[in-house]
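# Breakdown of the fold
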Amino acid sequence: MVKILVEELGLEVVGGANGLNNKYTGVYISDLLSWVMAKLQPGSIWITIQTHVNIVAVALLAEAACIIIPEGAAIDENTISKANEEGIPLLRSTLTAYQLALKIKELSRLE
Amino acid sequence: MENIKISFDIIQHDFSKAGEASSNIKKVLKQLGIPSDTVRKAAVATYEAEMNIIIHSEGGVIELTVDVDKVKVVAKDKGPGIKDISLAMKEGYSTATSEIRELGFGAGMGLPNMKRCSDCFDIQSSESSPTIVTMIIYLKKAND
Ligand SMILES: Nc1ncnc2c1ncn2[C@@H]1O[C@H](COP(=O)(O)OP(=O)(O)O)[C@@H](O)[C@H]1O
Ligand SMILES: [Mg+2]
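Residues numbered from 1 in each chain as written. Chains lettered and ligands numbered in written order. Predicted model: local features only at pLDDT ≥ 70, side-chain atom pairs only at ≥ 80, totals over all residues. Heavy atoms only, no water.

Under an unreviewed UniProt entry, the name given to chain A is AraC family transcriptional regulator, and the source organism is Alkaliphilus serpentinus.

Here's what the structure looks like:
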């Protein structure tokens, strides 16, 4: 569950707290939106450095479990309100995408 | 099932509303009880068509039709059209500006994605004319 991910990895919940009960099945890392649309498996955690409002629609349409913004990047205000509106968890970490992926792998081993 | 027809106006360069037509279409298809993999394909294909109208055209319309055996999405814009369609269809080919690319668009995967998601894909265009993309996804019966 995304909620457990948030707790274990110490992620900041920036928006979309309504969706924290979403289940996740894997991870996909990309900043190119057409690649995400084509390749993200439904239920995946999506890690991206893009922070503009369009990522929320992409996450919804591609059926991501949540969005994680790495390296503490600044997030647009309208991205946050859109994530709240749609209930897609918008999370942030100071870790890099690579470090996040390693930690998520570690977590899945413990579960 | 009754025939359903809905259309959405898409405005040039309006990134704030980008994805609204495809999100709405996804909701409608879900409500109709259409299988989730079909819904996802239609949503992805529509999103790419919607973004192309926003980024590359002077605006247009996306029309959804649902009947007993298929979902049809037609994206039609006001031009400026595509000179070389086979080049535009190539994975990785894009004329998007660097500003657009910085937002994560312009990977040159939109048209190939639309084709991959559709059972039937057709694109009509030429220089200084509208572009019309037609995508059909067939609904399979449960006992097929
Ligand atoms: N509706 C359209 N009107 C004009 N040109 C278009 C349209 N759709 C696509 N194109 C052209 O085809 C190219 C490839 O489109 P696509 O595969 O979606 O990639 P991208 O949108 O990432 O550039 C675009 O860069 C553009 O030059
Ligand atoms: Mg495109």
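## A look at the overall build of chain A
In terms of helices and strands, chain A carries five helices and five strands. Taken against the 2.2 N^0.38 rule, which gives 13 Å for 111 residues, the C-alpha radius of gyration of chain A at 12 Å falls within 12% of a compact globule. Dimensions of chain A, computed from the C-alpha atoms along their principal axes, are close to 35 × 25 × 25 Å. Expressed as a percentage of its 111 residues, the buried residues of chain A come to 53%. A sequence separation of at least 24 residues applies to 47% of the contacts in chain A between residues at least 6 apart. A gap of 7 Å separates the mean positions of the 8 positive and 12 negative side-chain charges of chain A. (Helix = DSSP H or I, 4+ residues; strand = E, 2+ residues; numbered from the N terminus. Rg over C-alpha atoms; globule rule 2.2 N^0.38 Å. Buried < 20%, exposed > 50% of the residue type's maximum accessible area, 1.4 Å probe, protein only. Contact = heavy atoms within 4.5 Å. Lys, Arg positive; Asp, Glu negative; His and termini not counted. Charge placed at Lys NZ, Arg CZ, Asp CG, Glu CD.)

## Brief notes about the overall build of chain B
Counting its regular elements, chain B contains five helices and five strands. Helices and strands in chain B line up, N terminus first, as β-α-α-β-β-α-α-α-β-β. Against the 2.2 N^0.38 benchmark of 15 Å for 144 residues, chain B shows a C-alpha radius of gyration of 15 Å, consistent with a compact globule. By principal-axis analysis of the C-alpha atoms, chain B measures approximately 45 × 30 × 25 Å. For chain B, the residues scored as buried account for 49% of the 144 residues in total. Pairs at least 24 residues apart make up 61% of the contacts formed inside chain B by residues separated by at least 6 positions. Summed over its atoms, the accessible surface of chain B is roughly 7500 Å², and 50% of this surface lies on carbon and sulfur atoms. Here chain B contributes 18 positive and 20 negative side-chain charges, whose respective centroids are spaced 4 Å apart. (Areas by Shrake-Rupley, 256 points an atom, 1.4 Å probe, with all protein chains shown as cover.)

## What about the site of ligand 1?
All names here are of chain B. Around ligand 1 sit 17 residues in total, of which His56, Asp77, Ser94, Thr95 and Gly108 are the nearest. His56 has a polar side-chain atom sitting 2.8 Å from an oxygen atom of ligand 1. One of the side-chain N or O atoms of Ser94 is found 2.5 Å from an oxygen atom in ligand 1. For ligand 1, the accessible surface in isolation is 530 Å², of which the surrounding protein chains cover 93%. (Near = heavy atom within 4 Å. Polar contact = N/O pair within 3.5 Å; in protein donor to acceptor, adjacent residues only side chain to side chain.)

## A word on unusual backbone geometry
In this model, Gly79 of chain B is joined to Pro80 of chain B through a cis peptide bond whose omega is 20°. Secondary-structure assignment places Pro80 of chain B in the loop between strand 3 (70–77) and helix 3 (85–88). Phi is positive for Glu71 of chain A, close to 55°, though the residue is something other than glycine. Within the secondary structure layout, Glu71 of chain A lies in the loop between strand 4 (66–69) and helix 4 (77–86).

## Quick notes on the side chain of Thr46 of chain B
Mapping Thr46 of chain B onto the fold places it in helix 2 (residues 36–56). If we ignore the near neighbours within four places in the chain, the residues touching Thr46 of chain B are Ser22, Ile25, Ile62, Val73 and Met135 of chain B.

## Considerations on the sheet that holds strand 3 (residues 44–47) of chain A
All names here are of chain A. Pairing in this open sheet of five strands is mixed, and the strands run 1-5-4-3-2 from one edge to the other. Of all strands in the sheet, those with a lone pairing partner are strand 1 (12–15) and strand 2 (26–29), marking the two edges. Across the sheet, the mean angle separating the axes of adjacent strands is 30° when strand polarity is ignored. Where helix 1 (residues 2–9) meets the sheet, it contacts strand 1, strand 3, strand 4 and strand 5 (90–92), and its direction lies at approximately 20° from that of strand 4. (Pairing = 2+ DSSP bridges. Axes fitted to C-alpha atoms, helices over the stretch in contact; angles between N-to-C directions.)

## Let's talk about the nonpolar core
Within the largest apolar cluster, 62 residues are counted, with the highest numbers of intra-cluster contacts made by Trp46 and Leu90 of chain A together with Leu29, Tyr47 and Val71 of chain B. Sort the elements by how many residues they give to this core and helix 2 of chain B lands first, with eleven residues. With near-sequence residues (within four places) excluded, Leu29 of chain B lies in contact with Ile34, Val39, Ala42, Leu64, Val66 and Val71 of chain B. Grouped together as the second largest cluster of nonpolar side chains are 17 residues, Leu9, Leu11, Ala65 and Leu91 of chain A included. (Core = buried A, V, L, I, M, F, W, Y, C linked by side-chain atoms within 4.5 Å.)

## Topic: the UniProt feature "domain: DRTGG" (unreviewed entry) in chain A
Those residues carrying the UniProt feature "domain: DRTGG" (unreviewed entry) are residues 5–106 of chain A in this numbering. As annotated, residues 5–106 of chain A has a helix share of 40% and a strand share of 19%, and its two end C-alpha atoms lie 11 Å apart. (UniProt positions renumbered as here; feature names shortened; annotations may be inferred.)

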